[in-house]
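Examining the three-dimensional arrangement
This is what each chain is made of:
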Amino acid sequence: MEIAITTERADDKGWIAFAPEVRATAQGASEEEAKENLRALLKRYPDLLEEPRNASGRRVELIRV
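Structural notes, computed from the coordinates.

This next bit is on the overall build of the protein chain. A tally of helices and strands in the protein chain yields two helices and three strands. Starting at the N terminus and ending at the C terminus, the protein chain contains elements arranged as β-β-β-α-α. Seen along its three principal axes, the alpha-carbon backbone of the protein chain occupies a region of about 40 × 35 × 15 Å. In the protein chain, which comprises 65 residues, the share counted as buried stands at 20%. In the protein chain, 21% of the contacts between residues at least 6 apart in sequence involve partners at least 24 apart. Carbon together with sulfur atoms contributes 48% to the accessible area of the protein chain, which is approximately 5,400 Å² in total. Separation between the mean location of the 11 positive side-chain charges and that of the 13 negative ones in the protein chain comes to 2 Å.

Right, here's the structure in full:
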């Protein structure tokens, strides 16, 4: 399953990875570590993925504003 994430530098505290579709956030010393921590969180709590998994009619699209 693929989900959209946003990564953001948190000043001198490292990086944050956020998955708005499943309302999950993780952080790490590097961008890659934050993403890995988010993956680990979603593996540990698979029920977070239940809503998007069951939303077959939903479509995510990026638009420029």
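This part is about unusual backbone geometry. In this structure, Asp 11 is a non-glycine residue whose phi angle is positive, near 50°. Note on placement: Asp 11 falls in the loop between strand 1 (6–9) and strand 2 (15–19). Although it is not a glycine, Arg 23 sits at a positive phi angle of roughly 55°. Residue classification places Arg 23 among the exposed positions, given a relative accessible area of 61%.

Time to look at the pairing of strand 2. Bridge count for strand 1 against strand 2 is four bridges, and the pairing is antiparallel. Residue Arg 9 lies in a different strand from strand 2, and its bridge partner there is Trp 15. The turn linking strand 1 back onto strand 2 is made up of five residues, and Asp 11 within it adopts a positive phi angle of 50°. Bridge count for strand 2 against strand 3 (residues 24–28) is five bridges, and the pairing is antiparallel. Looking across to strand 3, one finds that Trp 15 is bridged to Gly 28. What sits between the antiparallel neighbours strand 2 and strand 3 is a turn of four residues, in which Arg 23 has the positive phi angle 55°.

Turning to the layout of surface pockets, a few remarks are in order. Picture a little ball the size of a water molecule; that probe, rolled over the atoms, points out where space is still empty. Reported here for the largest pocket is a volume of approximately 180 Å³. Within the lining of the largest pocket, the residues separate by chemical class into five nonpolar, no polar and three charged.

What counts, and at which threshold
- Residues numbered from 1 in each chain as written.
- Predicted model: local features only at pLDDT ≥ 70, side-chain atom pairs only at ≥ 80, totals over all residues.
- Heavy atoms only, no water.
- Helix = DSSP H or I, 4+ residues; strand = E, 2+ residues; numbered from the N terminus.
- Buried < 20%, exposed > 50% of the residue type's maximum accessible area, 1.4 Å probe, protein only.
- Contact = heavy atoms within 4.5 Å.
- Areas by Shrake-Rupley, 256 points an atom, 1.4 Å probe, with all protein chains shown as cover.
- Lys, Arg positive; Asp, Glu negative; His and termini not counted.
- Charge placed at Lys NZ, Arg CZ, Asp CG, Glu CD.
- Pairing = 2+ DSSP bridges.
- 1 Å grid on protein atoms, 1.4 Å probe; cavity = no way out; pocket = protein on both sides within 12 Å on 5 of 7 lines; lining within 4 Å.
- Points joined across faces, edges and corners; volume = space filled by probe spheres on them.
- Nonpolar A, V, L, I, M, F, W, Y, C, P; charged D, E, K, R; others polar.

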